[in-house]
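Summary of the model geometry
Here is what each chain is made of, one letter per residue.
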Amino acid sequence: MKIIRRLSACVFLCITCLAAVSYAGKINIVTSTADIAALAEEIGKDKVKVTSIAKPTEDPHFVDAKPSFIVKLNKADLFIETGLELEIGWLPILVNNARNSKILPGKSGYLLASIGIQVIEVPAPELTDRLMGDIHPFGNPHYMLDPLNGKIVATRICERLCQIDPENCDYYRSNFDGFTERLNQKLSEWQNVLLPFQGTKIVTYHKAWGYFANRFQLNIIGELEPKPGIPPSPSHLKDLVWRMNNEGVKLIIISSFREQRSPEFVAAKTGAKVLVLPIMPGGIKGTEDYLSFIDYNINEIVSLLSGLSGNAKFQKTGADVK
Amino acid sequence: MKYIPFFVFICLLFAGNHMSSVFAENDVRMNKDDFNALMNQLQGMKTLIEEMKQDYNSRLDKMQEKIAALEKEKAQLTEKISPSPNVSEKPKSIKGEYVKKEEFEEVMKQLHDTEKHLEDMELRYNAREEEEQDNIAATQFIPDSAPEKWSPTQPITLWSAGRNYMDISFDGLFSAGASTDEDVQSLFGGGHDPNQRGFTLQQLETTLEGTVDPYFRGVANILFQLDDEGESFLEVEEAYLTSLSLPLNLQVKAGTFLTEFGRFNETHPHSWDFIDQPLVNNRFFGADGLRNPGARFSWLAPTENYTELFIAVQDSQGETAHSFRSHEDMFGRESMETDVHNLGDMLYTPRVVTAFELTDEQTLMLGSSASFGPNSTGGDQDTIIYGIDMFWKWKSKTAEAGFPFVTWQTEVMGRRFEAGEEEEHGLSNDVFHNWGAYSQINWGFKKRWVAGFRADYVDGLEEVFVEEHEEEGHEEEEGNHHHGDGLGFERVRLSPNITFFPTEFSKIRLQYNYDNILGDDRTEHSVFLQFEFLLGSHGAHKF
């Protein structure tokens, strides 16, 4: 009996030691997606360890609830979630099994990033129905594609880190200031380069680009998916091709994990160009941090549109001659 | 007191005739408490926003003051730098003004910073205000709808999207098909397997789940079913709570639940990859799997890779504890009435699972489980069922909607059954060992399409008891919807299938079973089509 008691005491000590060790080091941040992870990295820098559950390359709506994520959440000091039901299919079961009371909603270790975002595309109650596809009843969750929303989320991450780790608050604040300074500067650059293309009509695969289009005044006239989450059907594509030809749409934006057959089909019928863009930092190599990710997307769009504008002018003059 | 029913009746008559106009006020009074509470909430929110606004305004004022001051300074400085509009005078005192210029730049930078800060604040404030306004809009919606005139013919709405504290889902699972064996139930032993040639309602599952309070989550699965005679029946499959915030990585689950033994036992028919149960699960755990009221403790090891230990303590009796005190006749022994005398008469199921991330795209899970408990063939006869399980999954790094993927799942189980002596049939104490296994591969080869293949094996029960077992099985089936494992023979089954998922809320599956009943020297073929729909919001599934 004595041995058992001693053993159990040892085990208990070990556990408490392990628990203590996990507290001592860096602030352990776990995020559901890579975009928020990139922001947390900007603000926490070397005072934090950031892990994203969803890989930047995969569809954030469908992530496997792998057991290793339970372990990551179990050890998290701060857990940040995109919200708006983006992660509803895989996150709740992980959080429930993580048995980490620090990261439960309402605690300082839990941050819902969508709070404070001006959410768009909230379906009308009458249309909040699965007949409309796999809709998000609280609105479009792809808000991080708009850099100003990234700024709002960064603000909240900074505030929360200050709350959890007040000693390093100044450090986080200065990182945040540095980040927003770079962001502000970049933002005006981005707006400038996209200025000539304001109002350009585009088509996307999934309803992921609404916030981005609003910020940079692009005009999304339709999606390849007939309804969110429903794969393109021939009749819908036929309809879309007609509309694109009618309205002179020359750009199709698709996320990097999408199939490319139907976009290519539509492109062939309309003479539009397909542009594959990441929706998460790291979705394509060299876009690991948030600003270079937005930068990449904008440069790609600008270079494609400026290539097209020559053609467009040519077409216009052709029409005028007629 | 006698008059009350009469009075109520009169009231109802009235209400039925023209309640909307005359009794409209009454309706409001019924909801007045709620209404007031809501109005209070709304008021609270409004004051909150007002406070925020004031706060913001005061800060804004301060900022503006600062800006004004700075602008003044700036103006003074510019005056100093260029006291008169005449530019030609400037070079006169370059040296003296040079320092001032730096100062000016400093101030300009400060001003710029302040402006930016203000801009950020505005952004934040606007975002918050937006949010609060949304809240108000959401709250205001209730007072508007509350005084709406209710009439008895209207359906009562208990919840609406976003405001209920419970996720409700309803799953309908059906199959249609035929088999070369006209007694379909002797081939498909599972409680949710196809039970006849033609159509089978495999299950209607209602799942209620949600957070009870900050300490517990609750889940209930209530099943409706039709047996092969068309009789409806209801089954409480699971109802349990799990703890949310126990210390030391512990978790408790209590209620009635499917035992965490291997991978298959704790899953529900709607998440199965095949239309039927594996043979070995059916043989050892019976038609509905191993489940009973009880409690389960688990501990997540504080290691780098996932390792979890489980121990479940459950009742050991009833038809959902098939190899234990099931009150079914086993191995020719008539079941005896047994009682629980001590803790040893409960059903104990320890389990350990561990997972490895082989690469970014591959995960391997290994587990082993055992169940210990008494059986009902004698006073102190015990059963042990032990098993090992393996699950491997590959999913593409650039998966769209979770496709493409490949999974491979295998379970091997053994059973040690101590059978007591029975004088009537001249049977002495004996120990029977049996084993079985299944292995299945699923390949999501294209978005929405999954191809599967499963191989099943179970060994034969002792020859002498097979026929008896079968006979009794048939007798039992009369008036009993749970058709147990009707065949005690050694058996190999191969099941290829293909599934199409229009969305994650529906599926259509076609499966063929090649059934080689070695012990009986016959081969049976079955083809079934399965279809499923899922309403409401259903919780995520375990990996």
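Below, the structure is looked at part by part.

Each value, and the rule that gives it
- Residues numbered from 1 in each chain as written.
- Chains lettered and ligands numbered in written order.
- Predicted model: local features only at pLDDT ≥ 70, side-chain atom pairs only at ≥ 80, totals over all residues.
- Contact = placed C-beta atoms within 7 Å.
- Helix = DSSP H or I, 4+ residues; strand = E, 2+ residues; numbered from the N terminus.
- Nonpolar A, V, L, I, M, F, W, Y, C, P; charged D, E, K, R; others polar.
- Expected span 1.5 Å × (residues − 1).
- Buried ≥ 20, exposed ≤ 12 C-beta atoms within 10 Å, placed from the backbone.
- Pairing = 2+ DSSP bridges.
- Axes fitted to C-alpha atoms, helices over the stretch in contact; angles between N-to-C directions.
- Arc of directions from axis to C-beta.

1. Section: the interface of chain B and chain A
Contacts between the two partners involve 42 residues from chain B and, on the opposite side, 42 residues from chain A. Within the residue set of the side of chain B that touches chain A, elements represented by two or more residues are helix H4 (94–145), strand E5 (250–258), strand E8 (347–357), strand E9 (362–374) and strand E10 (382–400) of chain B. Sort the elements by how many residues they give to the side of chain B that touches chain A and H4 of chain B lands first, with eight residues. Among the residues making up the side of chain B that touches chain A, the classes are represented as 17 nonpolar, eleven polar and 14 charged.

2. Some points on helix H6 (residues 169–194) of chain A
Here H6 of chain A contains 26 residues, and its C-alpha end-to-end distance of 36 Å stays within 8% of the 38 Å for a straight helix at 1.5 Å per residue. If you check which residues of H6 of chain A are buried, you get Tyr172, Asn175, Phe176, Phe179, Thr180 and Trp190 of chain A.

3. Brief notes about the sheet that holds strand E2 (residues 48–52) of chain A
Residues and elements named next belong to chain A. Reading across the sheet, the four strands line up as E2-E1-E3-E4 and stay open at both edges, with parallel pairing between neighbours. Unpaired on one side and paired on the other, E2 and strand E4 (110–112) mark the two borders of the sheet. Ignoring strand direction, the axes of neighbouring strands in this sheet form an average angle of 20 degrees. Summarising the sheet, strand E3 (residues 78–81) and E4 pair through three bridges and their orientation is parallel. Looking across to E4, one finds that glutamate 81 is bridged to leucine 112. The sheet contacts of helix H2 (residues 34–44) involve strand E1 (27–31), E2 and E3, and relative to E2 the element is tilted by about 175 degrees.

4. Focus: helix H9 (residues 261–270) of chain A
Residues and elements named next belong to chain A. By the burial criterion, the buried members of H9 are Ser262, Pro263, Val266, Ala267 and Thr270. Down the axis of H9, the sector holding all buried residues measures 140 degrees, keeping them to one side. Facing away from the buried side of H9, by more than 90 degrees, are the exposed residues Arg261 and Ala268. Here the buried face of H9 lies against helix H8 (234–247), strand E7 (251–255) and strand E8 (273–277).

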